[in-house]
Amino acid sequence: FRKPVNLVASTLFSSAMVLMVVLPDMWVSAFGCVAVHVVNVLLHTFCNEITASWIPADVYPKWVGRCYIAKRLSNTTMAFVCTSIFNFVSVTASFKIIGGIVGAWSFVLAYVYYRCQLLPFQDKAKNDASIRTPKEEIALLKVQMANLLSFVESQGLAYRALEARIEGRFENLYQEVHDLAHKVDPRIAQTARMAMMQQSSSA
């Protein structure tokens, strides 16, 4: 069935096998008892498959450890609850209650996977939607090139604006220095002007 449908199907099948145990037929009940343990192994395998596929490698040990703690806690709780129901309610009530809970949980799992778009047919639909035709690829490439050219042009305008601002500040600074030098000594201002002219001509 592919993941995670195989886990949902195994959970639903496990529920049916638990309910089969209480049927008034020895062979059917025996088949249910054996099938419960077989499906339990499948559940364990499919859960490991999902964790290996979907848990990131950097946090995999942490979350697998937490999953095992939750599993052991669930097993202990179910063992206590089933034994109590078996002894204090009836010999079949525990199978009916647990089978019903597991069956309901399989539908909850299916709904959660559907809402998260993790079912196989949803994956296929997403992959099909991501496939573009050659015309769509060309149109997308044109848009990307236009965006790139617009970015380059905006950077050029920004560079020219910055260059103009620097030149304006340099001219203001030169004028301030010239005025200050003229106030101190006109000869200094004349020397600075000549040096500036020589630098401009050499550039």
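Summary of the structure given here. (Residues numbered from 1 in each chain as written. Predicted model: local features only at pLDDT ≥ 70, side-chain atom pairs only at ≥ 80, totals over all residues. Heavy atoms only, no water.)

Here we take up the side chain of Ser106. Tracing the sequence through the fold places Ser106 in helix α4 (residues 93–115). Owing to a relative accessible area of 2%, Ser106 belongs among the buried residues under this scheme. Among residues more than four places away in sequence, those in contact with Ser106 are Val8, Thr11 and Leu12. (Helix = DSSP H or I, 4+ residues; strand = E, 2+ residues; numbered from the N terminus. Buried < 20%, exposed > 50% of the residue type's maximum accessible area, 1.4 Å probe, protein only. Contact = heavy atoms within 4.5 Å.)

Scanning all chains against the criterion turns up one aromatic pair. Relative to Tyr113, the ring of Trp54 lies with its centre 6.0 Å away and its plane at 65°, an arrangement referred to as edge-to-face. Here Tyr113 lies in helix α4 and Trp54 lies in helix α2 (residues 26–54), a separation of 59 residues in the sequence. If you follow Arg66 out to its NZ or CZ, it ends over the ring of Trp63, 4.6 Å from the centre. (Phe/Tyr/Trp six-rings, centres within 6.5 Å; stacked < 30°, edge-to-face > 60°. Lys NZ or Arg CZ within 6 Å of the ring centre and 35° of its normal.)

Moving on: a nonpolar patch on the surface. Taken together, Leu141, Met145, Leu148, Phe151 and Val152 make up a surface patch of nonpolar side chains, about 490 Å² in accessible area. You can see Phe151 is positioned in helix α6 (residues 134–184). (Patch = residues over 30% accessible without salt bridge, like charges linked within 9 Å, V, L, I, M, F, W, Y side chains within 5 Å. Areas by Shrake-Rupley, 256 points an atom, 1.4 Å probe, with all protein chains shown as cover. Salt bridge = Lys/Arg side-chain N within 4 Å of Asp/Glu carboxyl O.)

A separate point is the layout of surface pockets. By volume, the largest pocket amounts to about 1600 Å³. Every residue lining the largest pocket is counted, 37 residues in all, and those nearest its centre are Asn40, Leu43, Lys71, Ser74 and Asn75. When residues of the lining of the largest pocket are traced back to their parent elements, those giving at least two are α1 (5–20), α2, α3 (60–88) and α4. Of all the elements, α2 adds the most residues to the lining of the largest pocket, at twelve residues. For the lining of the largest pocket, the per-class residue count stands at 25 nonpolar, eleven polar and one charged. (1 Å grid on protein atoms, 1.4 Å probe; cavity = no way out; pocket = protein on both sides within 12 Å on 5 of 7 lines; lining within 4 Å. Points joined across faces, edges and corners; volume = space filled by probe spheres on them. Nonpolar A, V, L, I, M, F, W, Y, C, P; charged D, E, K, R; others polar.)

Before going further, it helps to examine α2. Spanning 29 residues, α2 covers 42 Å between terminal C-alpha atoms, matching the ideal 42 Å at 1.5 Å per step. The complete set of buried residues in α2 reads Ser29, Gly32, Ala35, Val39, Leu43, Phe46, Ile50 and Thr51. As for α2, its buried residues are in contact with α1, α3 and α4. Two or three places before Trp27, at the opening of α2, Asp25 has a side-chain oxygen 3.1 Å from that residue's backbone nitrogen. (Expected span 1.5 Å × (residues − 1). Polar contact = N/O pair within 3.5 Å; in protein donor to acceptor, adjacent residues only side chain to side chain.)

Treat this as a map of the structure, not an account of what it does.
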